[in-house]
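# What the coordinates show
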Amino acid sequence: MTGQVTLSIGSGVEAGDAARAEIYVLLGTLLAGPPDAAMLEMLLDIDAGEPDAAPMTPIWQSLQAAAREADTERLAEEYFNLFIGLGRGELVPYASFYIHGFLMEKVLAALRNELQRLGLELQEGISEPEDHVAALCETMGMIISESGLSLEEQSEFFKAYIANWMGEFFADLRAAESADFYRAVAQLGQQFLEIESQYLSMQA
Amino acid sequence: MKNDKTRFTADRRLFLKSAAVAGGAAALTAVSATTLVDEATPAQLPPDAQEKSASQGYHETQHIRDYYRALRS
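Quick look at the structure, then. Quick caveat: nothing in here was measured; it's all calculated off a predicted structure.

## Points about the overall build of chain A
- What chain A contains, in helices and strands, is 10 helices and two strands.
- Its helices and strands in sequence order give chain A the pattern β-α-α-α-α-α-α-β-α-α-α-α, from N to C terminus.
- Here the C-alpha coordinates of chain A stretch approximately 45 × 40 × 30 Å along the principal axes.
- Residue burial in chain A is summarised as follows: out of 204 residues, 56% are buried.

## Considerations on the nonpolar core
Residue and element names in this part refer to chain A.
- L31, L43, M166, F169, L173 and F181 are the most contacted members of the largest nonpolar core, which totals 67 residues.
- The element that contributes the greatest number of residues to this core is helix α10 (residues 181-201), accounting for 11 residues.
- Once residues within four sequence positions are removed from consideration, F181 is found in contact with L30, P35, L40, L43, L63, A66, A67, A70, L75 and E78.

## With respect to the packing of helix α1 (residues 15-32) of chain A against α10 of chain A
All names here are of chain A.
- With their axes 11 Å apart at the nearest point, α1 and α10 run at an angle of 145 degrees to one another. Crossing of α1 over α10 shows left-handed handedness. Contact residues: D17, R20, I23, Y24, L26, L27, L30 and L31 in α1; F181, Y182, V185, L188, G189, F192, L193, E196, Y199 and L200 in α10.
- For the contact of α1 with α10, the class distribution of residues is 14 nonpolar, one polar and three charged.

## Section: the environment of P93 of chain A
Residue and element names in this part refer to chain A.
- Take P93: it is sitting in the loop between α4 (72-84) and α5 (95-100).
- Along the chain, P93 and R74 lie 19 residues apart, while their C-alpha atoms are 20 Å from each other.
- Excluding anything up to four places from it in sequence, P93 contacts F83, D131, H132, V133, W165 and F169.

## With respect to the pattern of salt bridges
Residues and elements named next belong to chain A.
- Summed over the entire model, instances satisfying the criterion amount to seven salt bridges over all chains.
- Salt-bridge contacts for R20 lead to D17; the nearest nitrogen and oxygen are separated by 3.0 Å. A residue pair is termed a helical-turn pair when its members lie 3 or 4 positions apart in one helix, as R20 and D17 do in helix α1 at three residues.
- One salt-bridge network, in which partners are shared between bridges, spans D17, R20 and E196.

## Regarding the packing of helix α7 (residues 133-147) of chain A against helix α8 (residues 151-161) of chain A
All names here are of chain A.
- For the pair α7 and α8, the least separation of the axes is 11 Å and the interaxial angle reads 170 degrees. In terms of orientation, α7 and α8 fall into the roughly antiparallel class. When α7 is examined against α8, the residues L136, T139, M140, I143 and I144 are found in contact with a partner set consisting of Q154, F157, F158 and Y161.
- Its residues placed into classes, the contact of α7 with α8 shows seven nonpolar, two polar and no charged.

Here is what the cut-offs are and how they apply
- Residues numbered from 1 in each chain as written.
- Chains lettered and ligands numbered in written order.
- Predicted model: local features only at pLDDT ≥ 70, side-chain atom pairs only at ≥ 80, totals over all residues.
- Heavy atoms only, no water.
- Helix = DSSP H or I, 4+ residues; strand = E, 2+ residues; numbered from the N terminus.
- Buried < 20%, exposed > 50% of the residue type's maximum accessible area, 1.4 Å probe, protein only.
- Core = buried A, V, L, I, M, F, W, Y, C linked by side-chain atoms within 4.5 Å.
- Contact = heavy atoms within 4.5 Å.
- Axes fitted to C-alpha atoms, helices over the stretch in contact; angles between N-to-C directions.
- Left-handed = near helix turned anticlockwise from the far one by under 90°.
- Nonpolar A, V, L, I, M, F, W, Y, C, P; charged D, E, K, R; others polar.
- Salt bridge = Lys/Arg side-chain N within 4 Å of Asp/Glu carboxyl O.
- Parallel < 35°, antiparallel > 145°, perpendicular 65-115°, else oblique.

Right under this line is the structure:
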């Protein structure tokens, strides 16, 4: 992770869409690698809202509690055990694996075609395939904030590459033996996908 | 989030980039005047992106308000 990025709301997309994109980017960043100290600090800076005010409030609070307790060395170990492991991690965070039971399957081929249509490609030096959970979260964030795709088209992408497996992935992550900090990330993912699913289905 | 601006000490694009030659009408703009910009200001954006930003503007519909309330209260 390099450089510093400023997230700004409301400069070109509607505030609700900006919030959606932010959360996808946040999930993507947390799932791409273990958070460093600055990332943990950023999590603590999120305004979780008033208690009982919204379904996401307790989720943000749990994430902040986990960030407060977290230690970067232990986080690196937790991330390794969950997603990398010796041979393989406790979880296999790819759409192909969840949908087909194997890596590099049909859904990845379809996703690559879709990304090409959208004018997106993998950065140089990235060895992870595009159906990695973090890459898909990042893609959805970019689609919302930059593509100009309608909500209906966003919904199509969501249904084809996210809704059909990522909820199960977050459920597995929440239940994973090695998960501690990432249990709170899983809760955020589960709740957010549920809201996204309802929101996007309203557009259909 | 607490403010309009939240710091991420991470590169937003960890995996993907816009292709050198974008294909199709739905291709992403290389730089756009949207959220999550890498320290860019409207003045730094290409004219077409600025025009896009200005034309999109901000209007909050009821479902966006509902969504936003659900997320952040």
